[in-house]
Amino acid sequence: MDLWKQLKIEWKKVLIVWNWSYKNMWDELILLWTIRLLLEQDKEIYVSAYNISWLKSFLAQFIDIEQINFLREIPKWFRSFFRFIRDKSSRTLKKYKEIDSVIIWWGEILTEETPNSYWYRLISIRPCLRKKGKPNIYLMWGIQVPQQEKNKRLFKYLMNKVNYVYARDLESVYELKKYWFENAEFFMDTSYFAYDWRSVNEKNIRQKYIVVNVNKSGENFLEDIIHDVQYYVNEWYKVLYVPAAKAKTDQYSDIYYYKKIKAACKKDEKFELLDREENFWKFAEKLANAEVVISTRLHLFLISCFLWVRTKIYPYQKKILKMQEVLRNIEWVIRSE
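What this report covers is the structure whose coordinates are included nearby.

Thresholds applied
- Residues numbered from 1 in each chain as written.
- Predicted model: local features only at pLDDT ≥ 70, side-chain atom pairs only at ≥ 80, totals over all residues.
- Heavy atoms only, no water.
- Axes fitted to C-alpha atoms, helices over the stretch in contact; angles between N-to-C directions.
- Helix = DSSP H or I, 4+ residues; strand = E, 2+ residues; numbered from the N terminus.
- Parallel < 35°, antiparallel > 145°, perpendicular 65-115°, else oblique.
- Left-handed = near helix turned anticlockwise from the far one by under 90°.
- Contact = heavy atoms within 4.5 Å.
- Nonpolar A, V, L, I, M, F, W, Y, C, P; charged D, E, K, R; others polar.
- Buried < 20%, exposed > 50% of the residue type's maximum accessible area, 1.4 Å probe, protein only.
- Polar contact = N/O pair within 3.5 Å; in protein donor to acceptor, adjacent residues only side chain to side chain.
- Phe/Tyr/Trp six-rings, centres within 6.5 Å; stacked < 30°, edge-to-face > 60°.
- Lys NZ or Arg CZ within 6 Å of the ring centre and 35° of its normal.
- Pairing = 2+ DSSP bridges.
- Core = buried A, V, L, I, M, F, W, Y, C linked by side-chain atoms within 4.5 Å.

Moving on: the packing of helix H9 (residues 222–234) against helix H10 (residues 254–265). In the contact formed by H9 and H10, the axes pass within 10 Å of each other and the chain directions differ by 50°. As summarised for this structure, H9 and H10 are arranged oblique, according to the angle between their axes. In this structure, H9 crosses over H10, and the sense of that crossing is right-handed. Contact residues: H9 offers Leu222, Ile225, Ile226, Val229, Gln230 and Val233, while H10 offers Tyr257, Lys260, Ile261, Ala264 and Cys265. In terms of residue class, the contact of H9 with H10 is built from 9 nonpolar, 1 polar and 1 charged.

Here it is in structure tokens:
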């Protein structure tokens, strides 16, 4: 498998329709390198985003954002509708209609494990769709052929318009070809290329702390994770907790689980928050020196693997198992418990 081949996207004006939310560390790295690949091809790049100002501040750590056109994402619910109207929706819609090619991507881009994913993907590009000709449509990353009737209809409609699929796991490629869609091939998750991991892991010096994260989807593993953390706390390790999601409500905020774990261990002085937003380089260096990373979040697991840090992952969705297999297939040494 040639991991360094060019991403083949036709035409000049390319829209990248990315994740549903923002402040998702792995999605941002995927986006970063996808942009870099397209810049090498001299594309005119448009990025659909929920929080444009925040995304600009993150990407500015790595690239010249003046080369990128940012568009407010198409509203899927009340969350983004009012922002879209405030940003002069008619002008934004005109930009969407001028697009030549669209890349739709996310982690598991289409899966029934995430409610409404098939419907949301269609809404994301609805203004771009025309009866004939352009835009070309590309799907990237994990895809699962649906079982539910309503999703089957949406999937069929979407796949009839898709030109090509770049899947980050071989299972997705196999399932698409079995379904009938032949224009699918493996392409390594572009986050792999987004950062100079080697320059960080060459400096690795194991220190007496562990890094932990729990997200809403993995809360059923919380008791097991608390048990893991207690073991290291009793061995005098410090705990650095990464709040990857910082929602305003406890339901979707990683801080909620930080408080739960800290309360269960009853040693507040051993716990600190490790923020990754302000300076990603410093975050990566800190992560690289951890004794172990314990996580339910795929993104933190993959970054840790690229940095050659020992990991323990609790797989709440199939995408985690699929990416573990990908890493084995490309002969990465995963140091796991």
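Right, picking up where we left off after that structure.
Turning to its location among the elements, Glu28 is positioned in helix H1 (residues 25–40). Judged by its relative accessible area of 0%, Glu28 is buried. Within polar-contact distance, the side chain of Glu28 engages the side chain of Arg276 at 2.7 Å.

Scanning the entire structure with this criterion turns up 18 aromatic pairs. Their ring planes at 90° and their centres at 5.3 Å tell us that Tyr232 and Tyr237 sit as a pair that is edge-to-face. For Tyr232, a relative accessible area of 8% puts it in the buried group. We classify Tyr237 as buried; its relative accessible area is 14%. Pairwise contacts between aromatic rings join Trp54, Phe58, Phe62, Phe280, Trp281 and Phe283 into one cluster. The residue whose ring lies beneath Lys208 is Tyr237, and the NZ or CZ to ring-centre distance is 4.0 Å. One Lys or Arg, Lys267, reaches over the ring of Trp236 and ends 5.3 Å from the middle of that ring.

As a further point, take unusual backbone geometry. Not every positive phi belongs to a glycine, and Trp141 is a case in point at roughly 95°. Relative to the helices and strands, Trp141 is located in strand E5 (residues 136–143). Assessed through its relative accessible area of 0%, Trp141 is described here as buried.

The element strand E1 (residues 13–17) is extensively covered by neighbouring structure, given that 4 of its 5 residues are classed as buried. Pairing of E1 with strand E2 (residues 44–49), which is carried by 5 bridges, proceeds in the parallel orientation. For Ile16, the partnering residue across the bridge sits in E2 and is Val47.

What follows deals with the nonpolar core. By size, the foremost hydrophobic cluster in this structure holds 88 residues, and its most contacted members are Val47, Leu59, Val211, Val229, Ile261 and Phe280. Examining the composition of this core, we find that 8 residues originate from one element, H1, more than from any other. With near-sequence residues (within four places) excluded, Phe280 lies in contact with Leu29, Phe58, Gln61, Phe62, Tyr195, Trp197 and Ile303. Within the second largest apolar cluster, 34 residues are counted, among which are Leu71, Trp106, Leu122 and Leu154.

On their own, these measurements won't tell you what the molecule is for.
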